[in-house]
Amino acid sequence: RVRDTPEDICLEATANAIALHPARSLLAAGDVDGDVYLYSYSCTEGENRQLWSSGHHLKSCRDVAFSQDGQKLFTVSKDKSIHILTVEEGRLETRFPKAHSSALNCVLPIDDHVFATGDDSGALKVWDLRKGDTVLEAHQQEEYISAMAVDSNGKILLTASGDGTLGVFNVKRRRFDLLSEPQNGDLTSVVLLKRGKKVACGSSEGTIYLFNWDGFGAASDRFALRAESVDCMVPITESIVCVGSLDGVIRAVNVLPNRVLGCVGQHLGEPIEQLAVAPGGRLLASCAHDQKVKFWDVSALEGLLVDDYRKKKKKGGPLRALSSKAVGSGEDFFADLRDEAEPEAAAGGDSD
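Scoring rules and cut-offs
Residues numbered from 1 in each chain as written. Predicted model: local features only at pLDDT ≥ 70, side-chain atom pairs only at ≥ 80, totals over all residues. Heavy atoms only, no water. Helix = DSSP H or I, 4+ residues; strand = E, 2+ residues; numbered from the N terminus. Buried < 20%, exposed > 50% of the residue type's maximum accessible area, 1.4 Å probe, protein only. Contact = heavy atoms within 4.5 Å. Pairing = 2+ DSSP bridges. Axes fitted to C-alpha atoms, helices over the stretch in contact; angles between N-to-C directions. UniProt positions renumbered as here; feature names shortened; annotations may be inferred. Phe/Tyr/Trp six-rings, centres within 6.5 Å; stacked < 30°, edge-to-face > 60°. Lys NZ or Arg CZ within 6 Å of the ring centre and 35° of its normal.

### Here we look at the overall build of the protein chain
Step number 1: Counting its regular elements, the protein chain contains one helix and 29 strands.
Step number 2: A principal-axis box enclosing the C-alpha atoms of the protein chain has dimensions of 60 × 50 × 30 Å.
Step number 3: Across the 352 residues that make up the protein chain, the buried fraction comes to 57%.
Step number 4: Look at the contacts in the protein chain between residues 6 or more apart in sequence, and 47% of them connect residues 24 or more apart.

Below is the structure:
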């Protein structure tokens, strides 16, 4: 039987991180026990398969990422090590055992040879595999680096930090450029939108901060969701992001004009750790504290048109379901989901 989305993948421990392969139907997951798994997923029932597992990390695996060519898998851990595994058989190819002086939190491949890592103390390192060493080390931020993003040229690297700042680094020139003003709460995520002209950062306070590409010093706009937090965020289109929160709900949010479009899916009452989008942008994967990886059909988001006109909505109305599985346990689940859109006046307003 063919389904709209692959079946859930059940793990033995909570996954901190998931990543989807850039070209194939493969999913990597890293869990709190330090194990890394590779699965093949399929919309045909009963066709999900575990291909291999790796238990090389001594402590929790905090992040996983595929290389751009899809041949390697980068993993980082609380044990301060970076591992690079072959995707085909899960063989440990390269290992940096004491890569940072603090526990590692995130990893981002920048091109075929260069990748970046961030740790719990706010330190950033950029590595070149041809040298087998770092080409940039910086410690500009005071708290953990939660997420990183890079522009399409692999030149400007952005780091979101628990101290509320967005860090800007020039990878090509190997230097630190600037820090933004601190925002309220921890910055938990960073994504590029509007063909690289806008940067959106999620915060632990449930607000999305927007920055212009040429103005990282101060946020140009902010948008408060009626969500406990924005813990992770992935772009689906140039204007729409999916946001995971502590309440277990995955919301689709349009940026400029700022609107919460509805609910894509949920892990009922379980905080969402990470989201990943498949090549082509039709499938979204999520992992949460329920030890499951779930898949959601987000193909409908591509065709959604959001105009500037904001209709008056009843306060306390249910969140609109945007996928066939976004119904939780029926009406009861939506009864306490409040209408999300809460515009907050700030410089920039709803203009582009």
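### A closer look at the sheet that holds strand 22 (residues 232–235)
Step number 1: Strand order in the open sheet formed by four strands is 22-23-24-25, with antiparallel pairing between adjacent strands. Each edge of the sheet is formed by a strand with only one pairing partner; in this case those strands are strand 22 and strand 25 (259–266). Adjacent strand axes in the sheet meet at a mean angle of 25 degrees, parallel and antiparallel pairs treated alike.
Step number 2: Bridge count between strand 22 and strand 23 (residues 240–244): four bridges; the pairing is antiparallel. Looking at the pairing, Val234 lines up with Cys242 of strand 23.

### Here we look at the pairing of strand 15 (residues 156–161)
Step number 1: Within strand 15, six of the six residues are buried, leaving the element largely enclosed by the surrounding structure.
Step number 2: Examined bridge by bridge, strand 14 (residues 145–150) and strand 15 share five bridges and lie antiparallel to one another. When the bridges of strand 15 are listed, Met148 appears paired with Thr159.
Step number 3: Counted between consecutive antiparallel strands, the loop separating strand 14 from strand 15 contains five residues, among which Gly154 sits at a positive phi close to 65 degrees.
Step number 4: The pairing of strand 15 with strand 16 (residues 166–170) spans five bridges and is antiparallel. Across the sheet, the residue bridging to Ala160 is Leu166, located in strand 16.

### Comments concerning the UniProt feature "repeat: WD" (unreviewed entry) in the protein chain
Step number 1: Under the present numbering, the feature "repeat: WD" (unreviewed entry) in UniProt falls on residues 97–137 and 272–306.
Step number 2: Its end C-alpha atoms 17 Å apart, residues 97–137 is made of 0% helix and 54% strand.
Step number 3: Secondary structure content for residues 272–306 is 0% helix and 51% strand, and the end C-alpha separation is 26 Å.

### Considerations on the packing of aromatic side chains
When we look at a pair of aromatic rings, we describe it by the centre distance and by the angle of the planes.
Step number 1: Taken as a whole and assessed by the stated rule, the structure comprises eight aromatic pairs.
Step number 2: Judged by centre distance (6.2 Å) and plane angle (35 degrees), the rings of Tyr37 and Tyr39 are tilted.
Step number 3: Note on Tyr39: relative accessible area 8%, which makes it buried.
Step number 4: Note on Phe169 and Phe176: the rings are 5.4 Å apart at their centroids and 55 degrees apart in plane angle, and the pair reads as tilted.
Step number 5: Connected via pairs of aromatic rings, a cluster forms that spans Phe74, Phe96, Phe115 and Trp127.
Step number 6: Here Lys325 stacks its cationic end above the ring of Trp296, 4.9 Å away from the centre of that ring.

### What to know about unusual backbone geometry
Step number 1: Here the amide bond leading from Leu256 into Pro257 is cis, since omega sits at 0 degrees, within 30 degrees of zero.
Step number 2: Of note, the phi angle at Lys194 is positive, near 50 degrees, even though the residue is not glycine.
Step number 3: As for its position among the elements, Lys194 is in the loop between strand 18 (187–193) and strand 19 (198–203).
Step number 4: Given the relative accessible area of 13%, Lys194 is considered buried.
Step number 5: For Arg195, which is not a glycine, the phi torsion comes out positive at approximately 55 degrees.
Step number 6: Of note, Arg195 is situated in the loop between strand 18 and strand 19.

### Section: the environment of Pro279
Step number 1: Along the chain, the position of Pro279 falls in the loop between strand 26 (272–277) and strand 27 (283–288).
Step number 2: Under the relative-accessibility criterion, Pro279 is labelled partly exposed at 40%.
Step number 3: On a C-alpha basis, the gap between Pro279 and Pro318 in space is 31 Å, while along the polypeptide they are 39 residues apart.
Step number 4: Aside from chain neighbours lying at most four places away, what touches Pro279 is His21, Pro22 and Ala23.

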